[in-house]
Amino acid sequence: AGTPSPHWIFHDLAVRPSGRRDHSLTLDTKRNRVFLFGGKREGVLDDAWIMDLRTTQWRSVGGSRSPGGRRGHTAIYDADRDRVVVFGGETDSGFLNDVWAFDLETETWAFLGGLGSKPVPRYGLSAILDPGSDRMVISHGFSSNGRFDDTWAFDLETHVWSELRPGGDLPQARCLHDMVIDSDGDHAYLFGGCSSGIGPCPRGDLWRYDLVQNLWTELSPEGDRPTDRANLRLAYDTAKERVLLFAGSDVRGTRDIWALDPEAVTWKQLEPTGDSPPVRWSSGIVFDAGQNRLLMFGGTDGAIFLDDFWELRF
């Protein structure tokens, strides 16, 4: 009978976070929940929300102390320490390079600081958890100083920053791209973004970062490929060992979904059944391996800030 098509499902929820863009969405695999923080509406937002995936219900969390409002920050799930680690972003008054942790048990925030030389404050960057080396790796981004092409690591135990200075050709300085790590933890994949002033905007280039060799390599997929875009979102499908790309801004805005086979280096556009989410960019997505599905919240179509929650079930 072949493989059934993926299927979009919309969850019409009475209680939900306000519509927004440039927020972070992280999966808490221990408790089967998603964690949402920050983003932009008319100004930047400082609220945090948790959805219990068993009941599909949102609730506001975080107490009186928070990292402060921000957008275009990054967030990774640090399973070993049962927390979400947030870095950087932009406020209404400037750019940030601070590190905070949200404890998923106590549902409270703590400032982690960061020792040594640090990345320049920035937003529109990307971050991954490198489990083999117990660190968060961040790359690229933008500030009033322009766009960056650097790569840094934050040690999750010692809270010490180090610049990695990878070998090979570097992906050109950019922001509003995304990066995701594979299930082996050895390679990360970076796609798209914006390099206006120095290069293309939007972009459609694809790069692989070897975390063991500390080496960037540009990939050249054969055949069909996604349109050039910024503000896209990537997730890693651990069941099928592939990179998923959702939506983004290719000047008009998109709502398509693509799968990259990292071994063959080929893209394939997926054709889900069901009503699909409206056009958007700057949304939040996570892959829920336990239920073999992609989860998505919010974003913008340029006119409105979206507050909808969808799942793409495979």
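Because the structure is predicted, anything quoted here is derived from the model rather than measured.

Moving on, we come to the pattern of salt bridges. Under the criterion given, the structure shown has 32 salt bridges. A salt bridge links Glu107 to Arg33, with the shortest nitrogen-to-oxygen separation between them at 3.3 Å. Of this pair, Glu107 sits in the loop between strand S8 (95-103) and strand S9 (108-111) while Arg33 sits in strand S3 (residues 33-40), and the two are 74 residues apart along the sequence. Neither Glu107 nor Arg33 differs from the other in exposure class; each is buried.

With antiparallel pairing, four strands are arranged side by side in an open sheet as S18-S19-S20-S21. For this open sheet the edge positions go to strand S18 (233-237) and strand S21 (266-269), each flanked by a neighbour on one side alone. Taking each pair of neighbouring strands and ignoring which way they run, the sheet shows an average axis angle of 25°. In the sheet, S18 pairs with strand S19 (residues 242-248) via five bridges, with the strands oriented antiparallel. If you follow Leu234 over to S19, its bridge partner there is Leu245.

Below, the discussion takes up the packing of aromatic side chains. All told, the structure shown has 19 aromatic pairs when counted by the stated rule. With a centroid separation of 5.8 Å and an interplanar angle of 75°, the aromatic rings of Tyr123 and Phe142 are classed as edge-to-face. Linking Tyr123 in the loop between S9 and strand S10 (126-130) with Phe142 in strand S11 (residues 135-143), this pair joins segments that are 19 residues apart in sequence. Judged by relative accessible area, which is 11%, Tyr123 ranks as buried. Accessibility expressed as a relative area gives 21% for Phe142, which makes it partly exposed. Geometrically, the ring pair formed by Trp152 and Trp161 is edge-to-face, given 6.4 Å between the ring centres and 85° between the ring planes. Overall, the relative accessible area of 6% leaves Trp152 in the buried class. An aromatic cluster is built from Trp8, Phe10, Phe246 and Trp310, whose rings are joined through pairwise contacts. Arg122 extends its terminal NZ or CZ atom over the ring of Phe148, reaching a point 4.2 Å from the ring centre. One cation-aromatic arrangement involves Arg242 over Phe314; the distance from NZ or CZ to the ring centre is 5.2 Å.

Cut-offs used in this document
Residues numbered from 1 in each chain as written. Predicted model: local features only at pLDDT ≥ 70, side-chain atom pairs only at ≥ 80, totals over all residues. Heavy atoms only, no water. Salt bridge = Lys/Arg side-chain N within 4 Å of Asp/Glu carboxyl O. Helix = DSSP H or I, 4+ residues; strand = E, 2+ residues; numbered from the N terminus. Buried < 20%, exposed > 50% of the residue type's maximum accessible area, 1.4 Å probe, protein only. Pairing = 2+ DSSP bridges. Axes fitted to C-alpha atoms, helices over the stretch in contact; angles between N-to-C directions. Phe/Tyr/Trp six-rings, centres within 6.5 Å; stacked < 30°, edge-to-face > 60°. Lys NZ or Arg CZ within 6 Å of the ring centre and 35° of its normal.

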